[in-house]
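Here is how the chains run, residue by residue.
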Amino acid sequence: MKALWGGRFKKEMHPLLKEFSYSLNVDWELFDAEIAVDIAWAKMLGHIGIITQDESAKLVNGLKAISKELQPVDPNAPFEDVHTLIQTHLEKKIGNVAKKIHTGRSRNDLVVTSTRIYLKQKISEIDAALKKTETALLHTAQKAGDGIVAGVTHLRKAQPILLAHHLLAYVAMLDEDRSRLNDLLKRVDVLPLGSAALAGSSLPIDQKFLAKELSFSKIAGNSLAAVSDRGFLTEFLSDLAILWVHLSRLSEDFILWNSEFFNYVEIDDAFATGSSLMPQKKNPDVFELIRGRTGSIFGHLQALLTVQKGLPLSYNRDLQEDKPAVFDAARKTKLALEILSETLSTISFNKEAFKKSVAEDHLFSTDLLEYLVRKKVPFSEAHETVGKIVRHAEEAGKNLSQLPVKIWQQFSEYFESDVLDLFKPETSVEAKKTKGSTNPTFVKAERTKWEKALK
């Protein structure tokens with residue numbers, strides 16, 4: 001195998017350096033993108049007359065042939081990188097004319113172009129998987145129906161909410177993640193070809209032709225930035241890190257809800273595992289693995305930031321380390337979303353557990369507070385009054401709803417017999433008036449909105 005360089009060297013590369021520096025085991029994922037770039041480049045070279053139309057056609061046909069022959073790519077083949085793999089097989093296929101494919105370009109602008117094409121495809125795939133996950137969450141919210149549970153803050157019971165409202169919160173978060181990724185496309189959709197190694201090319205490279213062939217809407221305005229900046233990859237990993245925060249939080253909720261302490265949800269057998277020791281166990285592995293793999297995604301982002309932090313312009317071999325992080329994060333994200341969608345679609349609910357969760361009167365303390373505020377009691381005074389009543393009930397060993405009206409009136413003259421009507425979960429959620437709240441009417445409207453948006 002001949003390298004794409006070497007005329008300047010007297011010695012062959014040391015075997016250890018080959019092992020240390022060869023990257024085909026990683027960058028084989030760029031094979032399809034690389035073939036697309038090579039075909040466009042061959043057409044362009046013929047278009048500008050640097051090579052003949054016949055040579056251009058031979059290159060294009062040869063590239064199409066090896067694209068089929070080398071699928072799937074062997075990542076352990078003894079080639080320096082995906083560029084060398086293609087070049088070597090192309091020369092075997094069509095002879096010396098293959099040596100003209102690299103005219104006017106560098107691996108520097110070639111690899112970043114292939115990476116951008118790869119990333120546009122991965123963003124599209126992840127967007128589709130995210131949409132599927134949003135849809136699964138929406139259907140899960142529909143299954144939850146009008147079920148009311150104890151919403152928590154600090155993992156302590158706070159106020160009654162519709163479980164559907166809780167689930168739709170994650171639909172909103174994931175939709176923002178989709179928005180971030182799609183916004184990134186504007187910065188990925190920039191053609192670096194023509195930048196060559198760092199300074200551009202003196203040949204009449206037709207970048208507009210290339211941009212059209214490869215579906216890029218813009219051409220890089222600075223050749224140094226084009227070949228050496230990896231901000232677009234860093235942004236991709238940053239967007240994925242935020243997405244995985246949301247996936248991890250969602251997973252934590254389902255892990256808790258699946259526990260005996262909450263008992264809200266039952267996971268389908270096909271998406272759970274057991275214990276090698278305890279026969280009774282049924283574990284929420286999908287959610288735990290997502291929660292655990294979030295750390296890997298965070299690590300990839302940190303690694304890429306660190307690789308870039310001290311690099312002088314322009315290209316440095318350090319940037320070879322950008323791809324392992326990006327490829328692994330893209331794979332893990334797509335797979336996690338796919339398995340999460342399937343898991344969510346089979347979730348079932350224990351609505352008796354919902355009722356038990358809202359059986360405590362303390363959950364209605366904020367409703368009591370707002371009851372007094374509606375009667376023009378200053379907020380801080382009302383807050384203190386309700387706090388004193390809660391303490392009194394605890395010390396008396398009674399529920400708030402068991403206290404007679406005369407006791408309530410000992411704490412505030414504004415309490416009347418209707419105060420006892422507040423201790424109903426349905427009354428609490430239906431009383432909410434603000435947009436985006438857990439009021440069933442608003443939650444239904446939110447479900448309808450997402451149904452239309454996700455069609």
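Values in this document were obtained by computation on a predicted structure and should not be read as measured data. (Residues numbered from 1 in each chain as written. Predicted model: local features only at pLDDT ≥ 70, side-chain atom pairs only at ≥ 80, totals over all residues. Heavy atoms only, no water.)

Things to note about a nonpolar patch on the surface
Argument step 1. Together, Leu198, Leu224 and Leu313 give the surface a local cluster of nonpolar side chains, amounting to about 280 Å² of exposed area.
Argument step 2. Relative to the helices and strands, Leu198 resides in the loop between strand S3 (190–191) and helix H8 (207–213).
Argument step 3. Taking relative accessible area as the criterion, Leu198 reaches 40% and is therefore assigned partly exposed. (Patch = residues over 30% accessible without salt bridge, like charges linked within 9 Å, V, L, I, M, F, W, Y side chains within 5 Å. Areas by Shrake-Rupley, 256 points an atom, 1.4 Å probe, with all protein chains shown as cover. Salt bridge = Lys/Arg side-chain N within 4 Å of Asp/Glu carboxyl O. Helix = DSSP H or I, 4+ residues; strand = E, 2+ residues; numbered from the N terminus. Buried < 20%, exposed > 50% of the residue type's maximum accessible area, 1.4 Å probe, protein only.)

Some details on the pattern of salt bridges
Argument step 1. By the definition in use, this model includes 32 salt bridges.
Argument step 2. A salt bridge links Lys43 to Glu213; its shortest N-O distance comes to 3.5 Å. With Lys43 in helix H3 (residues 31–48) and Glu213 in helix H8, this pair connects stretches of sequence that are 170 residues apart.
Argument step 3. Overall, the relative accessible area of 36% leaves Glu213 in the partly exposed class.
Argument step 4. The salt bridge involving Glu342 is made with Lys132; its shortest N-O contact spans 3.2 Å.

Details of the nonpolar core
Argument step 1. Within the largest apolar cluster, 126 residues are counted, with the highest numbers of intra-cluster contacts made by Leu167, Phe236, Leu240, Phe254, Leu400 and Trp408.
Argument step 2. At 15 residues, helix H6 (residues 107–144) tops the list of elements feeding residues into this core.
Argument step 3. In this structure Leu240 touches Ile126, Leu181, Ile297, Ala329, Ala330 and Thr333, once residues within four positions along its chain are discounted. (Core = buried A, V, L, I, M, F, W, Y, C linked by side-chain atoms within 4.5 Å. Contact = heavy atoms within 4.5 Å.)

Some points on the pairing of strand S2 (residues 156–162)
Argument step 1. Judged from the 6 bridges that link them, strand S1 (residues 148–153) and S2 form a sheet pairing that is antiparallel. Across the sheet, residue Thr153 finds its bridge partner in S2, namely Arg156.
Argument step 2. The hairpin turn running from S1 into S2, its antiparallel successor, is 2 residues long, and His154 in that turn takes a positive phi close to 55°. (Pairing = 2+ DSSP bridges.)

A closer look at the side chain of Arg105
Argument step 1. Here Arg105 shows up in the loop between helix H5 (82–94) and H6.
Argument step 2. Residue class for Arg105 comes out buried when judged on its relative accessible area of 9%.
Argument step 3. Of the polar contacts made by the side chain of Arg105, one reaches the side chain of Asp38; its length is 2.7 Å.
Argument step 4. Among residues more than four places away in sequence, those in contact with Arg105 are Val37, Asp38, Trp41 and Leu110. (Polar contact = N/O pair within 3.5 Å; in protein donor to acceptor, adjacent residues only side chain to side chain.)

Focus on the packing of aromatic side chains
Argument step 1. Per the stated rule, a full pass over the model turns up 11 aromatic pairs.
Argument step 2. With 5.5 Å between their ring centres and 90° between their planes, Tyr264 and Phe354 make a pair best called edge-to-face. Highlighted residues: Tyr264 in the loop between helix H10 (231–258) and strand S5 (265–266) and Phe354 in helix H13 (residues 351–357), separated in sequence by 90 residues.
Argument step 3. What makes Tyr264 buried here is its relative accessible area of 3%.
Argument step 4. Given a relative accessible area of 2%, Phe354 falls into the buried group.
Argument step 5. Taken together, the ring pairs connect Phe254, Trp257, Phe262, Tyr264, Phe287, Phe349 and Phe354 into an aromatic cluster.
Argument step 6. Looking at Arg116, its charged tip hangs above the ring of Phe232, at a distance of 3.9 Å from the centre.
Argument step 7. Above the ring of Phe216, the side-chain terminus of Lys120 is found at 4.1 Å from the ring centroid. (Phe/Tyr/Trp six-rings, centres within 6.5 Å; stacked < 30°, edge-to-face > 60°. Lys NZ or Arg CZ within 6 Å of the ring centre and 35° of its normal.)

Here we look at unusual backbone geometry
Argument step 1. Looking along the chain, the bond that leaves Gln71 and enters Pro72 is cis, with omega of -5°.
Argument step 2. Note on placement: Pro72 falls in the loop between helix H4 (53–69) and H5.
Argument step 3. Residue Ser314 follows Leu313 across a cis peptide bond; omega there is 15°.
Argument step 4. Assignment of secondary structure puts Ser314 in the loop between helix H11 (285–308) and helix H12 (322–345).
Argument step 5. One non-glycine residue, Ser215, lies in positive phi territory at about 60°.
Argument step 6. Structurally, Ser215 is set in the loop between H8 and strand S4 (218–219).

Coordinates in, geometry out; function isn't part of it.
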